[in-house]
Amino acid sequence: MSVLTAAHGDRVDFLVEAGESLAAQELPAGWELEWVVQEDAANSVLGDAVGHFDFVRHSANGEQLGAAATRNLALARVEGEFVHVLDSDDLMLPRGLAVAIEAFRQRPWIHWVCGQADDLMPDGTRVPVSAMLPPGVIEPGVVSDHLTAYELPPVHPAGLTLRTTTTRAVGGWAGIPRAEDNSLLIAVTELSFGYLTPEVTWLYRKHDGQVTTTASYTELVPASLQVVRQRIAALRETGLQFPPPPPVEDLPIRKPAAS
């Protein structure tokens, strides 16, 4: 199992906490963990901070490239069958990765698993986040329909665990200034079946330094979402899709809303 984190130097304390949450993972027997940390910087400052974790594989870009390129460079170094995307300021709960592994084991035909999250507030308290979909198997098109209708997906891309080969097959993260994680989410969920866990598996940290809350970030969101919507339309026009699951009468599939 691989965990992929793109990071930059002003997140040292958060990044170490993320590593500690990975060190506490309760993986099933026979599974090993690697943490692929890709530093988005010309001069590395994070190597020493995370070097004490025996499961970390740290590398720096050599220049500042942005989130999408940094994640794609990390993806090139991933060795695990599955890759979980952990942002540098978020935390995994102890059974978070095990829940995803078990979901894939029970449903070998799915390509993605998304864990539910609680918000982690600055004072350390946790606030439950209401799920926008019922947990269970998610059919292709459900996530895209929701994003098209509400301009946000019903599952959080920062909670994804994906098949590594699937992530590479769709090209990883799109080279757009914002919503690059939603673009990957759409590519995978439009083409394949996935699973939303009933369990809370990770914590989404709320803090003053969140880039996504700044005015400079939000200004480019509409144009980036237009690229995401175009990807949805193109995927549907081409009719591409990964092989469906075997027929099971009681398969709890969430069908996409009528367009």
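Residues numbered from 1 in each chain as written. Predicted model: local features only at pLDDT ≥ 70, side-chain atom pairs only at ≥ 80, totals over all residues. Heavy atoms only, no water.

A.B. asks: Looking at this model, I keep getting lost on the side chain of D119. Mind explaining?
C.D. replies: In this fold, D119 is placed in strand β6 (residues 112–120). One buried charged side chain, D119, makes no salt bridge at all; its nearest oppositely charged neighbour is K206, positioned 4.2 Å away. In this structure D119 touches T125, R126, V127, V129, Y204 and K206, once residues within four positions along its chain are discounted. (Helix = DSSP H or I, 4+ residues; strand = E, 2+ residues; numbered from the N terminus. Buried < 20%, exposed > 50% of the residue type's maximum accessible area, 1.4 Å probe, protein only. Lys, Arg positive; Asp, Glu negative; His and termini not counted. Salt bridge = Lys/Arg side-chain N within 4 Å of Asp/Glu carboxyl O. Contact = heavy atoms within 4.5 Å.)

A.B. asks: Teacher, can you tell me more about the packing of aromatic side chains here?
C.D. replies: Aromatic ring pairs are reported here in terms of the distance separating the ring centres and the angle at which the planes meet. Under the definition given, this model contains seven aromatic pairs. Between W31 and F82 the ring centres are 5.9 Å apart and the planes differ by 15°, which places this aromatic pair in the stacked class. Note that W31 is positioned in the loop between α1 (12–23) and β2 (34–39) and F82 in strand β4 (residues 82–85), a separation of 51 residues in sequence. Taking the relative accessible area as the measure of exposure, W31 reaches 28% and is therefore partly exposed. Between W35 and F55 the ring centres are 6.3 Å apart and the planes differ by 40°, which places this aromatic pair in the tilted class. Of this pair, W35 sits in strand β2 while F55 sits in the loop between α2 (47–50) and β3 (56–60), and the two are 20 residues apart along the sequence. Among the aromatic residues, those joined into a cluster by ring pairs are W31, F82 and F104. Of note, R107 hangs over the ring of Y195, and the distance from its end group to the ring centre comes to 3.9 Å. (Phe/Tyr/Trp six-rings, centres within 6.5 Å; stacked < 30°, edge-to-face > 60°. Lys NZ or Arg CZ within 6 Å of the ring centre and 35° of its normal.)

A.B. asks: Just checking my understanding: could you explain the pairing of strand β1 (residues 2–7) for this structure?
C.D. replies: Here is the key point about a regular strand: its side chains alternate between the two faces of the sheet. The buried count for β1 comes to five of six residues, which makes it a mostly enclosed element. The pairing of β1 with β2 spans six bridges and is classified as parallel. From the neighbouring strand, A7 faces β2, where its bridge partner is E39. Taking the sense of rotation as the criterion, the β-α-β connection linking β1, α1 and β2 turns out right-handed. (Pairing = 2+ DSSP bridges. Right-handed = clockwise from strand over helix to strand, strands pointing away.)

Geometry only, nothing functional implied.
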